[in-house]
Amino acid sequence: MSKSARVLYWFRTDLRLHDSPALQAALDLKPAALFPVWCWDPNYVYKHRVGINRFRFLLESMTDLSSNITSTQSKSQLLVVRGEPTELLPELWKRWNITHLVIEKDPSAYGRRRDRLILEAAKKSKVEVVAVQGHHLFDPEEVTKRNKGKPTMAMSTLQKIVADMGAVPKPIDAPKDLPLPKLKDSKAKNLKDTLKELAKSLDGLPHYTGKGREGPASVDLNSTELGGQRDKKVTCYDTVTGEASDLFSVPTLESLGMDRSKIRETIKGGETLALERLAKICKDAEYIATFAKPKTSPGQSAEDPSTTLMSPYLKFGCLSVRKFWWDAEEAKKKYKGGSATGPPENLNGQLLFRDMYACAEHAIGDAFQVIRGNSACRYIDWYCPTAYDKDGQVILPRPPGDAVSEARLSAYKLGQTGFPWIDALMRQLRLEGWMHHLGRHSVAAFLTRGQCWISWERGAEIFDEYLIDWDPCSNPGNWMWLSCSAFFTQYFRLYGLITFGQKYDKTGALIRKYCPELKNFPDKYIYDPFNAPKDVQQKAGCIIGKDYPFPMLDEKETKSENMQRMKICYQANLHGADKEVMNGTAEAMLRKKHGFKEPKEFDWANRPGAKIPDWAKAPEGEEHTTEGAPSGGKKGGANVKKEEEHDSDDDVLGQEDEHKEERGTKRKGATAAKSETGKNKKKK
DNA sequence: CGCTTTGTTGGTTCA
DNA sequence: CTGAACCAACAAAGC
């Protein structure tokens, strides 16, 4: 059989050639032909929330994979076909006389649903399917089976299970050669002719005209109407095989209706860069051996991260997680210093967390993304939850919640909350598609149980759209963790909006970079410019409430109110799959118990506490911008524009030099101000 | 991989 | 030299 094998290798979660057990399985068939295919799935284009940065990173990764294929076999490349895989793949294997379909197993709920259909179609066509695990350290299907179908809700559970599953497999090298993607009667002598023949073989196939197989046919989750970043027409489905001049090529961002000028292209995709970065990190044995996630700083940017920044590459399989695991193990052996760190805080522990979430998602399925129907998720009566119709279908667009929560959610998404730490992190996310893990903790706790009491589903949605490394398991999993809905229960442990960032970086470099309107504030007030006396604000060239929004809520007031609510929700002990949640009575029940109030707008002048600056008591007719650009109208636009004026790296460096020079004098100013207020207090 | 309050310890300054 | 005053660093406990 092996001599006549003709393999369609379908890339999905594995944009790499190194350590790919699935690709190895394909080569083990000793095929006469191997077609490396990427099917440009409209379900990913329309029915998953994907922003500009993640599409950009994916396209870069595909381009790099294609060139790596060509470097290995000059007469081959990645063959990108545009259409619905369940419609298109059967045509390909019919017209290309395929005997075997080889894939890396995609363990996510969508992946499994899609692959079930593909498997059925393959069976009908007598195409043999070979599916191999390679996206995680351990096969989530096998782990779930060993856990009796239950989700893995703790690291200790996962560790216990995988202890009996043997060691993580050692990485295998990239292939030295690849079989040609040739038709049976091919006369092609070079790649260009091969592509022409392949395109000709697909003549007569209608190009794809729908918006994906899943959900309501007309819905485009990435349209601006639904809060997405697609503002132009999608043209990538105008053909099946791409432009005639560039057959089977990687689509462009423009053909997805997206405008790359709206983002910063900070983290570039591809296997080549992933391996370079891994090699560089593993050279530093001490860094690898003593890595402790809680000690890494969230106050650093992607250009100089305190973590490895490998997650985007793991997400698309540009980097094999098993290679990461073993290269880290090798590096640790070289460390001769004191004691090394262990799981869960070390690097391998981080990779195990990724497996834990994948296995939990595997057991729960689609409901892992939401609260309703999710048995692993504690039910809490958040504002702005996902809404369902009588048949249990999600209503899109989501019917608005109360006005204040909607305004807060919008301000949060744009980085206009009035809390510089939160705003800097959210702007970093929106512009660059990445945020440090602990920064994600901070903003997630703030939106949910900390201050806003808004559903983690809304936060997960924003992350879905903006994160490059978004993952259907880790992302909802971490949102449930931080909102104390699952995995984690210590709801009284809450991140301070001023103190948490300050602990890592007193100078507020992240704020100065992403909130340039605040860059001239002295260190003392960079995390809470709203507490700065008016003369300090004037000197900094930024009046709070005018050039930067007032805080949209009172940190301490919301915190204590929400902790009381959490206590009551924990006592009620409802979960997403309970009948009270499914029939919609849970919300009213909990609100009765904790004395539900609509969230109120923050009244600066009457806020509790004794630290009200004189200038705030008498606002001098200045408008309080608690709304903080949530309408997404003129104000938001103006702020975005202002930011982009400070975009270039040179400019950022310039800003940093500036504070270094000025810091000394500004500190003196701040101390003087402090002693003054001290005197005032004594007089009173 | 919390924050805040409270209390302790050990050190410095200065009348 | 003494002792009050202050302060930084840390630990414990409660939310």
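None of the values given here were measured: they were computed from a predicted structure.

1. With respect to the overall build of chain A
Then, in step 1: Looking only at helices and strands, one finds 27 helices and five strands in chain A.
Then, in step 2: Counting every position in chain A, which comprises 684 residues, the buried fraction comes to 59%.
Then, in step 3: Looking at chain A alone, contacts between residues at least 24 apart form 78% of all its contacts between residues at least 6 apart.
Then, in step 4: For chain A, the exposed surface amounts to about 29,100 Å²; the carbon and sulfur share of it is 53%.

2. A word on the packing of helix 16 (residues 437-450) against helix 22 (residues 555-572)
Then, in step 1: Axis separation between helix 16 and helix 22 bottoms out at 10 Å; the angle between their running directions is 65 degrees. Mapping the contact onto sequence places Thr-448, Arg-449 and Gly-450 in helix 16 and Thr-558, Lys-559, Asn-562 and Met-566 in helix 22.

3. Notes on the environment of Glu-465
Then, in step 1: By the element assignment, Glu-465 lies in helix 17 (residues 456-466).
Then, in step 2: Note on Glu-465: relative accessible area 5%, which makes it buried.
Then, in step 3: C-alpha separation for the pair Glu-465 and Ile-52, spaced 413 residues apart in sequence, amounts to 8.3 Å.
Then, in step 4: Reaching out from Glu-465, the side chain makes a polar contact with the side chain of Lys-413 at a distance of 3.2 Å.

4. Thoughts on the confidence of the model for chain A
Regions with low pLDDT carry predicted coordinates that are not meant to be interpreted in detail.
Then, in step 1: Confidence along chain A averages 88 in pLDDT terms, with 88% of residues attaining 70 or more.
Then, in step 2: Under a pLDDT of 50 for its full length, residues 607-684 has, in the predicted model, 91 contacts with residues more than four places off or in other chains.

5. Overview of the pattern of salt bridges
Then, in step 1: For the structure on display, the rule yields 39 salt bridges.
Then, in step 2: Measuring nitrogen to oxygen at the nearest pair gives 3.0 Å for the salt bridge that ties Asp-381 to Arg-591. Of this pair, Asp-381 sits in the loop between helix 13 (347-364) and helix 14 (403-414) while Arg-591 sits in helix 24 (residues 586-594), placing them 210 residues apart in sequence. The residues Asp-381 and Arg-591 share a single accessibility class, namely buried.
Then, in step 3: Taking relative accessible area as the criterion, Arg-591 reaches 14% and is therefore assigned buried.
Then, in step 4: Bridged by salt links that share partners, the residues Arg-56, Glu-60, Arg-260, Glu-265 and Lys-268 form one connected network.

6. Digging into the packing of helix 16 against helix 18 (residues 474-482)
Then, in step 1: With their axes 9 Å apart at the nearest point, helix 16 and helix 18 run at an angle of 60 degrees to one another. With respect to helix 18, the axis of helix 16 lies oblique. Both helix 16 and helix 18 take part in a crossing whose hand is right-handed. Across from His-437, His-441, Ala-444, Ala-445, Leu-447, Thr-448 and Arg-449 in helix 16, the residues of helix 18 making contact are Asn-478, Trp-479 and Leu-482.
Then, in step 2: Here the residues of the contact of helix 16 with helix 18 are counted per class, giving five nonpolar, four polar and one charged.

7. Re the UniProt feature "domain: Photolyase/cryptochrome alpha/beta" (unreviewed entry) in chain A
Then, in step 1: UniProt records the feature "domain: Photolyase/cryptochrome alpha/beta" (unreviewed entry) for residues 5-137 in the present numbering.
Then, in step 2: A helix fraction of 47% and a strand fraction of 21% characterise residues 5-137, whose end C-alpha atoms lie 29 Å from each other.

8. Some thoughts on the nonpolar core
Then, in step 1: Core analysis: the biggest nonpolar cluster contains 160 residues, and Trp-40, Met-62 and Phe-521 have the highest contact counts within it.
Then, in step 2: Here this core gets 10 residues from one element, more than from any other, and that element is helix 13.
Then, in step 3: Discounting residues that sit within four places of it in the chain, Met-62 has contacts with Leu-15, Trp-38, Trp-40, Leu-78, Val-80, Val-250 and Pro-251.
Then, in step 4: Of all hydrophobic cores here, the second largest spans 30 residues; its members include Leu-79, Ile-118, Leu-183 and Val-240.

9. As for the protein's contact with DNA strand B
Then, in step 1: Around DNA strand B, a shell composed of 14 residues is seen, among which Pro-294, His-441, Phe-492, Leu-494 and Gly-496 lie nearest.
Then, in step 2: Residue Gly-496 places a main-chain N or O atom 2.9 Å away from a phosphate oxygen belonging to DNA strand B.
Then, in step 3: Phe-500 is positioned such that a nitrogen or oxygen atom in its backbone is 3.5 Å from a phosphate oxygen of DNA strand B.
Then, in step 4: Considering each element in turn, the surface near DNA strand B owes the most residues, three residues, to helix 19 (residues 499-504).
Then, in step 5: Looking at the surface near DNA strand B, its residues break down into six nonpolar, four polar and four charged.

10. Considerations on the state of the cysteines
Then, in step 1: Here the structure, examined in full by the defined rule, presents zero disulfides.
Then, in step 2: Left without a disulfide partner, Cys-39 is nearest to the cysteine sulfur of Cys-236, which lies 11 Å away.
Then, in step 3: Owing to a relative accessible area of 4%, Cys-236 belongs among the buried residues under this scheme.

11. Some remarks on the packing of aromatic side chains
Remark: the centre distance and the inter-plane angle together describe each pair of aromatic rings, the angle taken between the planes.
Then, in step 1: Counting across every chain of the model gives 23 aromatic pairs.
Then, in step 2: Seen from their ring centres, Phe-419 and Phe-530 are 5.8 Å apart, and the 85 degrees between their planes marks the pair as edge-to-face. Placement of Phe-419 in the loop between helix 14 and helix 15 (420-432) and of Phe-530 in the loop between helix 20 (509-514) and helix 21 (534-540) is noted, with a sequence separation of 111 residues between them.
Then, in step 3: On the basis of relative accessibility, which here comes to 4%, the residue Phe-530 falls in the buried class.
Then, in step 4: A centroid spacing of 5.7 Å and a plane angle of 5 degrees characterise the contact between Trp-481 and Phe-488, whose relative ring orientation is stacked.
Then, in step 5: Of the residues examined, Phe-488 reaches a relative accessible area of 16% and is grouped as buried.
Then, in step 6: Through pairs of rings, three or more aromatic residues link up here, namely Phe-353, Tyr-357, Trp-481, Phe-487 and Phe-488.
Then, in step 7: It is Lys-170 that lies over the ring of Trp-326; its NZ or CZ is 4.5 Å from the centre.

12. Re the layout of surface pockets
Then, in step 1: Within this model, the second largest pocket holds a volume of roughly 1,200 Å³.
Then, in step 2: Together, 45 residues line the second largest pocket, and Lys-293, Gln-350, His-437, His-441 and Asn-478 are the ones closest to its centre.
Then, in step 3: Those elements that place two or more of their residues in the lining of the second largest pocket are helix 11 (311-315), helix 13, helix 16, helix 18 and helix 19.
Then, in step 4: Residues belonging to the lining of the second largest pocket are distributed by class as follows: 24 nonpolar, 11 polar and 10 charged.

13. Focus: the side chain of Lys-513
Then, in step 1: Topologically, Lys-513 is positioned in helix 20.
Then, in step 2: A residue is classified by how much of its surface remains accessible, and Lys-513, at 11% relative accessible area, is buried.

14. Details of the side chain of Arg-449
Then, in step 1: On the secondary structure map, Arg-449 appears in helix 16.
Then, in step 2: With no salt bridge to any partner, buried Arg-449 finds its closest opposite charge in Glu-555, at an N-O distance of 11 Å.
Then, in step 3: Among the polar contacts listed, one links the side chain of Arg-449 to the backbone oxygen of Tyr-491, at a separation of 3.0 Å.
Then, in step 4: Of the polar contacts made by the side chain of Arg-449, one reaches the backbone oxygen of Arg-493; its length is 2.8 Å.

15. Quick word on the sheet that holds strand 3 (residues 79-82)
Note: strands within a sheet are paired through backbone hydrogen bonds, in either parallel or antiparallel orientation.
Then, in step 1: The five strands lie next to each other as 3-2-1-4-5, forming an open sheet whose pairing is parallel. Here the strands that pair on one side only, and so sit at the sheet edges, are strand 3 and strand 5 (128-132). Put simply, the sheet's adjacent strands are angled 30 degrees from each other on average, direction ignored.
Then, in step 2: In the sheet, strand 1 (residues 6-11) pairs with strand 4 (residues 100-104) via four bridges, with the strands oriented parallel. Along strand 4, the bridge assignment pairs Val-7 with His-100.
Then, in step 3: Packed onto the sheet, helix 5 (residues 109-125) meets strand 1, strand 4 and strand 5 and runs at close to 170 degrees relative to strand 1.

Reading guide: rules and limits
Residues numbered from 1 in each chain as written. Chains lettered and ligands numbered in written order. Predicted model: local features only at pLDDT ≥ 70, side-chain atom pairs only at ≥ 80, totals over all residues. Heavy atoms only, no water. Helix = DSSP H or I, 4+ residues; strand = E, 2+ residues; numbered from the N terminus. Buried < 20%, exposed > 50% of the residue type's maximum accessible area, 1.4 Å probe, protein only. Contact = heavy atoms within 4.5 Å. Areas by Shrake-Rupley, 256 points an atom, 1.4 Å probe, with all protein chains shown as cover. Axes fitted to C-alpha atoms, helices over the stretch in contact; angles between N-to-C directions. Polar contact = N/O pair within 3.5 Å; in protein donor to acceptor, adjacent residues only side chain to side chain. pLDDT = per-residue confidence, 0-100. Salt bridge = Lys/Arg side-chain N within 4 Å of Asp/Glu carboxyl O. Parallel < 35°, antiparallel > 145°, perpendicular 65-115°, else oblique. Left-handed = near helix turned anticlockwise from the far one by under 90°. Nonpolar A, V, L, I, M, F, W, Y, C, P; charged D, E, K, R; others polar. UniProt positions renumbered as here; feature names shortened; annotations may be inferred. Core = buried A, V, L, I, M, F, W, Y, C linked by side-chain atoms within 4.5 Å. Near = heavy atom within 4 Å. Disulfide = S-S within 2.5 Å. Phe/Tyr/Trp six-rings, centres within 6.5 Å; stacked < 30°, edge-to-face > 60°. Lys NZ or Arg CZ within 6 Å of the ring centre and 35° of its normal. 1 Å grid on protein atoms, 1.4 Å probe; cavity = no way out; pocket = protein on both sides within 12 Å on 5 of 7 lines; lining within 4 Å. Points joined across faces, edges and corners; volume = space filled by probe spheres on them. Lys, Arg positive; Asp, Glu negative; His and termini not counted. Pairing = 2+ DSSP bridges.

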